[in-house]
Structure formats: C-alpha cells, structure tokens
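Analysis of the macromolecular model
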Amino acid sequence: MSEEPASGQHWTGLVIRPDDWLDKDLLTAITLATGTTFERLGRTDVGTVFAAGDEQIVEVECAGAKALFLRLRSAERTAAVTEAVNRHTLTWTEPVLRSQLSLDTDPYGLVPLLMATGGGAAEPATADLLERTLVHPSEQVREAAGYAMRMSKAWTSLFVVS
C-alpha cells in the first residue's frame, strides 16, 4: 500500500530479490520513465539514498531481505517508477507477501512484509496480522514480530545522509 504522509510525498515500498540492487541500468530505466535523474547521495543507517531534488529512492536491507523505499511527489510518479522497477526485476508487494507468509516456517517473513509498506502505514489486514503475532503462542513469532515492528519504526524516520 502506498500512502501520502504529511510531507506531501507519496511513500511505498517494493521488495526485491536480495541479490538485486539499484544499478546503473535500473537508474536509467527510472530516468526514462520519469524524466528525472536520481543520483546516489550516500548511506544512512537505514540504507543507500538516491535522490532527485526532494524525491528519494532508498535501497534498504534487513534480515536477509531487500526493498526499495520510494518517496516521490505524486502517485503518478510512484506508478512510473514502480513500472520501471517491475520491468527490471521481480518485486513483491504487501498483499502478495502477506498471502505467502507462513509464521510457522518463517516468522521473520514479517520483515519484508513491513518493508513493502515503504515506511508508511501498513494495510489493515497487515496491521491485524501484526496484532495477532504479538500474542502468538510461539515465542519465536513474538520476537520476530517485535523485531519487524522496531525496524518499521526506524524506516519512518527522516533520512539524513552521512
């Protein structure tokens, strides 16, 4: 799910394969789709930031998963970047990851699920799932849920390039 926070930016996340990255080819595809050139600004404690003006694409890695967090100025630009990324690599969204999640075999699958929010609010079905995981009978599931939620809070912070 994508959302428009108070900043006016449109936020969403695309989970990508762990061995993919925002390389020159993908940056070129994004430039062709948007007419805007994103340049690497540097790393933060959250991930690698690419920016064009006040818009950002942040490559985030956590618990063996990777995502691109999009912070763009409109839903149309978000759709254009999403289409460019989808032509370049496989992506997973929040509903897809939620439907594939198995808490019994991979409770840390909650991490990429929350990465798919791009640091924004989770969809209601994801929020309900998280509430249930916090009281799950398995300690491992509760720990994974706590970890995923702590990381999600970090992703909502402002990005300051070091």
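Residues numbered from 1 in each chain as written. Predicted model: local features only at pLDDT ≥ 70, side-chain atom pairs only at ≥ 80, totals over all residues. Heavy atoms only, no water.

Re the overall build of the protein
Within the protein one finds six helices and six strands. Starting at the N terminus and ending at the C terminus, the protein contains elements arranged as β-α-β-β-β-β-α-β-α-α-α-α. For the protein, whose C-alpha radius of gyration is 15 Å, the value lies close to the compact-globule estimate of 15 Å for 162 residues. Taking the principal axes of the C-alpha coordinates as reference, the protein spans close to 50 × 30 × 30 Å. By residue count, 50% of the 162 residues in the protein fall in the buried class. (Helix = DSSP H or I, 4+ residues; strand = E, 2+ residues; numbered from the N terminus. Rg over C-alpha atoms; globule rule 2.2 N^0.38 Å. Buried < 20%, exposed > 50% of the residue type's maximum accessible area, 1.4 Å probe, protein only.)

Here's the deal with helix H6 (residues 139–155)
The end-to-end C-alpha separation of H6 is 24 Å, in line with the 24 Å expected for 17 residues at 1.5 Å each. Within H6 the residues assigned to the buried category are Val 141, Ala 144, Ala 145, Gly 146, Ala 148, Ser 152 and Trp 155. The secondary structure elements touched by the buried residues of H6 are strand S4 (55–62), strand S5 (65–72), helix H4 (110–115) and helix H5 (124–133). (Expected span 1.5 Å × (residues − 1). Contact = heavy atoms within 4.5 Å.)

Quick look at H5
Buried within H5 are the following residues: Thr 126, Leu 129, Leu 130 and Thr 133. Along the axis of H5, the buried residues cluster in a sector spanning 100 degrees; they form a single face. Facing away from the buried side of H5 by over 90 degrees, the exposed positions are Pro 124, Glu 131 and Arg 132. On the buried face of H5, the contacting elements are helix H3 (94–100), H4 and H6. (Arc of directions from axis to C-beta.)

A look at the pattern of salt bridges
Close approach of charged atoms allows side chains of opposite charge to pair. Scanning the entire structure with this criterion turns up six salt bridges. Measuring nitrogen to oxygen at the nearest pair gives 3.5 Å for the salt bridge that ties Arg 73 to Glu 55. Of this pair, Arg 73 sits in the loop between S5 and helix H2 (75–88) while Glu 55 sits in strand S4, and the two are 18 residues apart along the sequence. Between Glu 55 and Arg 77 there is a salt bridge, with the nearest N and O atoms lying 2.7 Å from each other. Placement of Glu 55 in strand S4 and of Arg 77 in helix H2 is noted, with a sequence separation of 22 residues between them. With respect to class, Glu 55 is no different from Arg 77; both count as buried. Residues participating in the shared-partner salt-bridge network are Arg 17, Asp 19 and Asp 20. (Salt bridge = Lys/Arg side-chain N within 4 Å of Asp/Glu carboxyl O.)

The values reported here are purely geometric and, on their own, carry no functional implication.
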